[in-house]
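Results of the structural survey
The lines below spell out each chain.
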Amino acid sequence: MMLPLRLRKVLVLSPPLIWVVLFMFVPYTILFVFSFWEQQYPTFAPAFQMGNYLTLISDPQYVRTLARTMKIAALVSLFSLLLAYPYAYFLVHKVRSPGARLTLYMAVVAPLWVSYLLRAYTWKTILGTEGALNSFLIWTGILTEPSPIFLYNQTSMVVTLTYVFIPFMVMPIYAALEKIPRNLLEASADLGMGRTATFVKVTLPLSMTGVVAGFTMTFCLAFGDFIAAYLVGGPDGMMISNVIATQFGASLNWPLGSALALVMLVIVLAIISASDRFERLGRGKFA
Amino acid sequence: MTDIIRLDGLSKQFGFVTGVDHVSLSVRKGEFLTVLGPSGCGKTTLLRMIGGFDEPTAGRIWLDGDDVTDLPPNHRAINMLFQDYALFPHMTVGKNVGYGLRVTGVPKREVETRVREVLDLVGLADKIGAAPHQLSGGQRQRVALARAIVRRPKVLLLDEPLSALDANLREAMQVELRHLHQKVGLTFIMVTHDQTEALTMSDRVIVMRRGRIVQDGAPQSLYDMPSSPYIADFIGTTNLFASRIENGRIACHGQLLSIDPSLILPGADTFGFRPEKARLHRGVASGASGANHLRGKVADVMYRGSIARIIVDLGTGQVFVDLQISDAATGLPQKGDPVTVEIAPHKIMSFVAEDSA
């Protein structure tokens, strides 16, 4: 028996709606409300005051952590871009065989199917004192004893997060490059441009949407990461998410944690909307 | 030296497949040459080799006396009108057209003047600031054309330029391209699979088949004197039939026809006539001997507006005859009507059948 159209619509739309309200809207609202509450150790009381936000601004450790997190996220995006763009370009323009292209593409994307924890942990074993890097350097004679300098700092954070999130840079750039019609490059050559000029004037501008999408994804993912900091970060590699986790855990200061989480959310939303605006700007140009 | 392009034994091999097979060709300055052929005959590959986009496996390409075989496209004074226009989507019409000028070191001010001039020429001066996606198909094509001729190339290559347009626009663009050719005096080399386009637009047509040139001539000579049954059927329609010659007469599906003896090629074994060169009579004409008559019945009528193509069943085969609608004062013949086809002896073409492989 056919149900009335209205009922069918409700049935189809309810699960996602309930899901969004229950698991997105409600938690954000709770977070928002909590961020104005007051901490009264060991618990906290309902209130409406700006104290938590004032703490964030006045206490330099929060501002510093936030700045460090943004710096690490920006470096991760930058290095991902510098590695991913040439790789994607090579795949699209230099690898002729579709089979080889797919294999090389999957080589980058496939690790996404492996647990994040495992991939991040890998770098602990590579960079650690007993790790592959130290063993190699000792074997070559460059070092005489294992060095601890490779692990537990910002560099190891950037290296690990770049490795973990680079597929999110490769995928959109590859898609954008592949979408550029080949005859545009031929037309450019036909009109007198060499390879470099063609790249700068045609390929690069037409692949910018992919670059921006990749930058947004890697930045936001790295910005919100807190597991890598536990594994390879050390005190200098602490991220803002680690601070938030502490507020909800050991520090038992949910109101401050909520305020921090909201600040983070606003930053991420600002970045996403900026990138979305850029993409809209470029989209009209493809007919 | 009036040859602007000379191809010397040009070949292109794709693995084991031969795309273009030892093509030699000269193109005169200012000529509108069309390379005609079915898809896969190598015509586009030939054009791409002239443009520098595909490397020949053998042979040389000469442009205005210089060997350009090993030069990349950006070092050849040749421009191409791409099949789907290849306009840069992130640039305005003006920037698209001016794209090729800045690299040659033309001063900024002159770039502007020349862009305006050439947009004027194609009638799109008011679209200089528009983005390509805001234009119609025909306008995009004209922008692409402007972009291709603004550098004043020695040769303009046109790769199936009209195939992406709808029928009405295509006809208008045929005229426009031809006018433009006369106005700018450039050498045009066009590739198409559309025989009407080839006949209408060009000074000279080259027919390609399986990577080779099979006929080279003016449009009219190609139509009136096709060199093979293949071309006779590829360009226009021809009623073809195999026959031996006996007493100066041939058999068309079992019925005898006289043929002008001066038209019989030595060794001819295939004959044909164009549907519009035959006349159709109602009923069974009283067979005066010597009259070139084929008797049959109407098998079908294909109405085409200005003409009707009548398919006549001769018992053992069929022939097409075109009837001018203005001649058919008494209305079109009906299916099953007995008719007589008259074909003058000097309107029959003779061929030596080529290998059909």
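Below or above, wherever it landed, is the structure these notes cover.

Calculation notes
All residue numbers refer to position in the chain's written sequence, counted from 1. Chains and ligands are labelled sequentially in the order written, the chains with letters from A and the ligands with numbers from 1. Where totals are concerned, whole chains, interfaces and linings use all residues; where local detail is concerned, this predicted model gives features only for residues with pLDDT of at least 70, and gives and counts side-chain atom pairs only at 80 or more. Numbered from the N terminus, helices here are DSSP runs of H or I no shorter than four residues, and strands are runs of E no shorter than two. With C-beta atoms placed from the backbone, a residue is buried if 20 or more other C-beta atoms are within 10 Å of its own, exposed if 12 or fewer are, and partly exposed between those counts. A pair of residues counts as a contact when their C-beta atoms, built from backbone coordinates, are within 7 Å of each other. The globule rule used for comparison is 2.2 Å times the number of residues to the exponent 0.38, while the radius of gyration itself is calculated over C-alpha atoms. Following DSSP output, two strands are said to pair if at least two bridges run between them. Angular values range over 0 to 180 degrees, each being the angle between N-to-C directions of two axes fitted as lines to C-alpha atoms, with helices fitted over their stretch in contact. Between the first and last residue of a helix there are one fewer steps than residues, each counted as 1.5 Å, and that sum is the expected span. A set of buried Ala, Val, Leu, Ile, Met, Phe, Trp, Tyr and Cys residues, joined through C-beta atoms within 7 Å, is what we mean by a nonpolar core. We call two directions roughly parallel when the angle between them is under 35 degrees, roughly antiparallel when it is over 145, roughly perpendicular when it lies between 65 and 115, and oblique otherwise. Whether a crossing is left-handed or right-handed is set by the direction in which the near helix is turned from the far one by less than a right angle, anticlockwise for left-handed and clockwise for right-handed. Note on residue categories: nonpolar means Ala, Val, Leu, Ile, Met, Phe, Trp, Tyr, Cys or Pro, charged means Asp, Glu, Lys or Arg, and polar means any other residue, Gly included.

**Quick look at the overall build of chain B**
Each helix and strand in chain B was counted, giving 8 helices and 20 strands. In terms of principal-axis extent, the alpha carbons of chain B reach across some 80 × 45 × 35 Å. Looking at chain B residue by residue over its 357 residues, the buried ones come to 39%. Long-range contacts, defined here as pairs at least 24 residues apart, represent 67% of the contacts in chain B between residues at least 6 apart.

**Considerations on the overall build of chain A**
Across its full length, chain A carries 13 helices and 2 strands. In terms of C-alpha radius of gyration, chain A reaches 24 Å, well past the compact-globule figure of 19 Å for 287 residues. On the principal axes, the C-alpha backbone points of chain A span a range of 75 × 70 × 45 Å. Here chain A holds 287 residues, and 32% of them are scored as buried. The contacts of chain A with a sequence gap of at least 6 include a subset with a gap of at least 24, amounting to 72%.

**Observations concerning the sheet that holds strand E6 (residues 78-81) of chain B**
Residue and element names in this part refer to chain B. The 6 strands are arranged E6-E7-E8-E3-E9-E10 in an open sheet whose pairing can be described as mixed. Looking at strand neighbours, the two that pair on one side only are E6 and strand E10 (212-217), the edges of this open sheet. Put simply, the sheet's adjacent strands are angled 20° from each other on average, direction ignored. Sheet topology places E6 next to strand E7 (residues 155-159); 4 bridges connect them, and they run parallel. What sits directly across from Ile 78, in E7, is Val 155.

**Looking at helix H4 (residues 98-109) of chain A**
Residue pairs spaced three or four apart in an α-helix point in one direction, given the helix's 3.6 residues per turn. When the terminal C-alpha atoms of H4 of chain A are compared, their 16 Å separation across 12 residues agrees well with the 16 Å that a helix rising 1.5 Å per residue should span. For H4 of chain A, the tally of buried residues reaches only 0 of 12 residues, placing the bulk of the element at the surface.

**Quick look at the environment of Asp 300 of chain B**
Residue and element names in this part refer to chain B. With respect to the helices, strands and loops of the structure, Asp 300 is situated in strand E16 (residues 293-303). Expressed as a C-alpha distance, the spacing of Asp 300 and Gly 236, which sit 64 residues apart in the sequence, is 20 Å. Setting aside anything within four residues of it in sequence, one finds Asp 300 in contact with Ile 311 and Lys 335.

**Re the nonpolar core**
Residues Ile 50, Leu 81, Ala 144, Ala 146, Leu 156, Leu 157 and Ile 189 of chain B are the most contacted members of the largest nonpolar core, which totals 92 residues. Among the elements that line this core, the one with the most residues is helix H4 (residues 137-149) of chain B, at 6 residues. Not counting residues up to four positions away in its chain, the partners in contact with Leu 81 of chain B are Ala 144, Leu 145, Ala 148, Leu 156, Leu 157, Leu 158, Asp 159 and Pro 161 of chain B. Core analysis: the second largest hydrophobic core is formed by 52 residues, Val 164, Val 211, Cys 220 and Leu 256 of chain A among them.

**Here's the deal with the packing of helix H2 (residues 93-102) of chain B against helix H3 (residues 108-121) of chain B**
Residue and element names in this part refer to chain B. At a minimum axis distance of 9 Å, the contact between H2 and H3 shows a crossing angle of 125°. The orientation of H2 relative to H3 falls into the category oblique. Judged by the sense of rotation from one axis to the other, the crossing of H2 with H3 is right-handed. Note on element contacts: H3 touches H2 through Val 111, Arg 114, Val 115, Val 118 and Leu 119, opposite Gly 94, Val 97, Gly 98, Leu 101 and Arg 102. Looking at side-chain class alone, the contact of H2 with H3 contains 6 nonpolar, 2 polar and 2 charged residues.

**Quick look at the interface of chain A and chain B**
With 18 residues of chain A at the interface, the matching set in chain B holds 21 residues. Residue assignment for the side of chain A that touches chain B shows that the elements contributing at least two residues are helix H9 (182-190) and helix H10 (195-223) of chain A. Examining the composition of the side of chain A that touches chain B, we find that 6 residues originate from one element, H9 of chain A, more than from any other. Across the side of chain A that touches chain B, the residue classes tally to 12 nonpolar, 3 polar and 3 charged.

**Observations regarding H9 of chain A**
Among all positions of H9 of chain A, only Ala 187, Ser 188, Ala 189 and Asp 190 of chain A are buried. Where H9 of chain A is buried, its residues touch H10 of chain A together with helix H1 (43-51) and E6 of chain B. Of the residues flanking the end of H9 of chain A, it is Gly 192 of chain A, one or two places downstream, whose phi is positive at about 100°.

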